Amino acid sequence: MQCLVLFHLFAIFIWTWPQPSANLNREPVTMADRMQRARDQLLAANNRLRYESDFRYYLQVTGFWQYWDMFAPNPSNTDSWLTAEIEYADGQVVPVEYPRIKHMPIPQKYVNERYRKFTERLHPIDQSYKWAQFAYRMAYLNPRADGAVPTKVRLFKHFRIYPKAFQKEPVAQDEQFFELIVDPQVYGTWGSK
Amino acid sequence: MTTKKVSDLKKLQHWMFGYGSPETMAIIRILFGTLIFINLLMLMNVFEAFFTEKGFVPVAFAERWAEGVPRINVLAGVTDSRITLAVFIITMLGAVCTALGLFTRVSAAVLWLGLTSIHHRTPDLLHSGDTLMRAFALYILVAPSGAVYSLDWLRKFKRTGDGTVPEFSLWPQRLMAIQVAIVYFTTAWHKWGGNTWREGTATWFTSQLHEFDRFPVPAFMDQQPFVAILTYGTLVVELMLATTVFYKPLRKISLLLGIGLHLGIEYRFNIPLFAFLMIASYASFYEGYEWRAWVDKWKAKRQAKAQSQEEGHEPAIST
């Protein structure tokens, strides 16, 4: 039992180590560079152990995996939210908003925070497989009164980037990141899923 | 190895695996069982959006996230939302029974399995609080957490008339405490890799994330030198909660600073339950006999108060 407990502690501890920095192969010049390089090499070796060996099954299968990078290595410098545009065959375009925490009263914010969390895991390009589902869901949640089937759904990310501290609030930028051509059959059966 | 080193190792082994009273583990069980129940109740609010096929996250996304690694997940491949709902309800029942200490071992097993499955069903929603809940659900399961302050204890007492609480090996409690220290140590380590934490400007950036806003704070808190104080203060407190918290003379101040840090975050930012979960986990730094002494003192006060009310005068016991 003692060995198992110590192994568990070892396992969860090394799973929580940070990632090596991006410039792992840069030639060290100063003493600080050398220390950074040694640290990065250690972290890279740790990555091989935790992600490439069978060791990872112990944590991943069981749900013991954990990572504690709250507001780290830097807090996000981007405030962002999502909207969609639903287009119909008659040319009407209806703008709709994905639940936005900023616009909710405080008790609502508390129980709906998961909507904001999900946006963090939706927008990156490697998550693009989620976008069609998201677009259908947005259309399903915002039906037109006459029951018309949308033809397209466009998804937008709106964001403010704060490049440096103590600067004025920057202007929000908008980016369309996906357009769905609606399949009427999929849309028609969405509610019965 | 010198005699002193051997002696230190033995002390460490005794601290980790020695025997003691299970009150701490029972208190953790009550706190975490309750908080996990509240968390699941809050998840029910977004059940259709994130746990059904017509929501934003169908079950196929979880399979993709798993990257071919099998996961403990009773909801794997389940597309019928009625089954998913049933798993939610059973897990919530497990949380309530765990908090009450009713059939504790079985309840805690149901809670851990259900919670792990729910997390593996929709990992896109998880934040650090969820990870802590999952880790503690396991520790509650393997600990003798129903041995005291529980309906199980009461049932046993009624059945046998024996109310004594035996001593248990304390390794589950130590796992909890070391787990909390790992949380703080690694988060401080991660932060040290970021230039905004080193420059003392990190908390200014968090204050600009208006999707996180909750209650307002005075403007000076987002200006220097306050931003630097909060930024470096956060790192210092996190390091204290990984180190000095194990040193008894500094334990109280370390925990009080941690409570201050989390209540500040709870007031300002919309990060549901995280502060309460972290603060609840601090219970693991106190020994069972310390909790028992507080409970006994509280009972004595109540008894004295009740007695004095019966006699019609103020309690004689000092506060």
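Model, not experiment: these values are computed from the prediction.

### Quick notes on a nonpolar patch on the surface
All names here are of chain A.
- Side chains of Met1, Leu4, Phe7, Phe10 and Leu49 sit close together on the surface and give an oily, nonpolar patch of about 480 Å² of accessible area.
- In terms of residue count, the dominant contributor to the nonpolar patch is helix α1 (residues 2–15) (three residues).
- Residue placement: Leu4 occurs in helix α1.

### Focus: the pattern of salt bridges
- Tallying each qualifying case throughout the model produces 23 salt bridges over all chains.
- Ionic pairing is found between Arg39 of chain A and Asp40 of chain A, a salt bridge with its closest N-O pair at 3.5 Å.
- Residue classification places Asp40 of chain A among the buried positions, given a relative accessible area of 1%.
- For Arg214 of chain B, the salt bridge identified is with Glu266 of chain B, shortest N-O distance 3.2 Å.

### Thoughts on the interface of chain A and chain B
- Residue-level contacts link 71 residues of chain A with 80 residues of chain B.
- When the buried surface of chain A facing chain B is broken down by residue, Trp68, Tyr110 and Arg114 of chain A rank first, second and third, together holding 14% of it.
- Counting across the chain A and chain B interface gives 36 residue pairs in polar contact (both at pLDDT 80 or more).
- Class assignment of the residues belonging to the side of chain A that touches chain B gives a composition of 38 nonpolar, 16 polar and 17 charged.

### Things to note about the environment of Ser107 of chain B
All names here are of chain B.
- Its location among the elements puts Ser107 in helix α6 (residues 104–121).
- By relative accessible area, which is 6% here, Ser107 ends up buried.
- Taking C-alpha positions, Ser107 is 25 Å from Leu125, a pair spaced 18 residues apart along the chain.
- Other than its neighbours up to four places away in sequence, Ser107 contacts Gly94, Cys97, Thr98 and Leu102.

### Notes on the domain arrangement of chain B
Residue and element names in this part refer to chain B.
- Looking at chain B, the domain boundaries give domain 1 (19–158) and domain 2 (170–287).
- Inter-centroid distance (C-alpha atoms) of domain 1 to domain 2 is 25 Å.
- Contacts between domain 1 and domain 2 engage 25 residues on the former and 21 residues on the latter.
- Taking both partners together, domain 1 and domain 2 bury about 1900 Å²; carbon and sulfur atoms supply 84% of that area.
- Three residues stand out in domain 1 for area buried against domain 2, namely Thr24, Leu132 and Tyr139, and they jointly supply 29% of the buried area on that side.

### Section: the nonpolar core
- With 111 residues, the main nonpolar core has Tyr98, Phe118, Phe134 and Leu155 of chain A together with Phe50 and Phe56 of chain B as its most contacted residues.
- Composition of this core by domain shows at least three residues from each of domain 1 (19–158) and domain 2 (170–287) of chain B.
- Those residues within four positions of Phe134 of chain A in sequence are excluded, and the remaining contacts are Leu82, Tyr98, Phe118, Leu122 and Leu155 of chain A together with Phe56 of chain B.

### Brief notes about the environment of Gln36 of chain A
All names here are of chain A.
- Residue position: Gln36 is located in helix α2 (residues 31–52).
- We classify Gln36 as partly exposed; its relative accessible area is 26%.
- For the pair Gln36 and Phe177, spaced 141 residues apart in sequence, the C-alpha to C-alpha distance is 37 Å.

Parameters at a glance
Once a new chain begins, its residue numbering starts again from 1 and follows that chain's sequence as written. By the order in which they are written, chains take letters starting at A while ligands take numbers starting at 1. Thresholds applied to this predicted model are a pLDDT of at least 70 for local features of residues and 80 or more for the giving and counting of side-chain atom pairs; totals over whole chains, interfaces and linings are not thresholded and use all residues. Where side-chain values are given, they derive from all heavy atoms of the structure, hydrogens and water being excluded. Each patch is built from residues that are more than 30% exposed by relative accessible area and take part in no salt bridge. Like charges join if they lie within 9 Å; nonpolar side chains (Val, Leu, Ile, Met, Phe, Trp, Tyr) join within 5 Å. Only the protein chains shown count as cover for residues, and all accessible areas are computed by the Shrake-Rupley method using a 1.4 Å probe. Should a side-chain nitrogen of Lys or Arg be within 4 Å of a carboxyl oxygen of Asp or Glu, the pair is scored as a salt bridge. The secondary structure listing takes helices from DSSP runs of H or I that are at least 4 residues long and strands from runs of E that are at least 2 residues long, numbered from the N terminus. Only protein chains enter the area calculation, which uses a 1.4 Å probe; residues under 20% of their type maximum are buried, those over 50% are exposed, and those in between are partly exposed. Throughout, a contact is declared for two residues whenever any of their heavy atoms are within 4.5 Å. The term buried area denotes the loss of accessible surface (1.4 Å probe radius) that occurs when two parts are joined, taken as the sum for both partners. Think of a polar contact as two N or O atoms within 3.5 Å of one another; within protein, one of them needs to be a possible hydrogen donor and the other a possible acceptor, and neighboring residues in sequence only count if both atoms come from side chains. Lys, Arg, Asp and Glu make up the charged group, whereas Ala, Val, Leu, Ile, Met, Phe, Trp, Tyr, Cys and Pro make up the nonpolar group; the residues left over, Gly among them, are polar. Domain start and stop points were drawn from an automatic or database domain assignment. The set of buried Ala, Val, Leu, Ile, Met, Phe, Trp, Tyr and Cys residues whose side-chain atoms join them within 4.5 Å is what this entry labels a nonpolar core.

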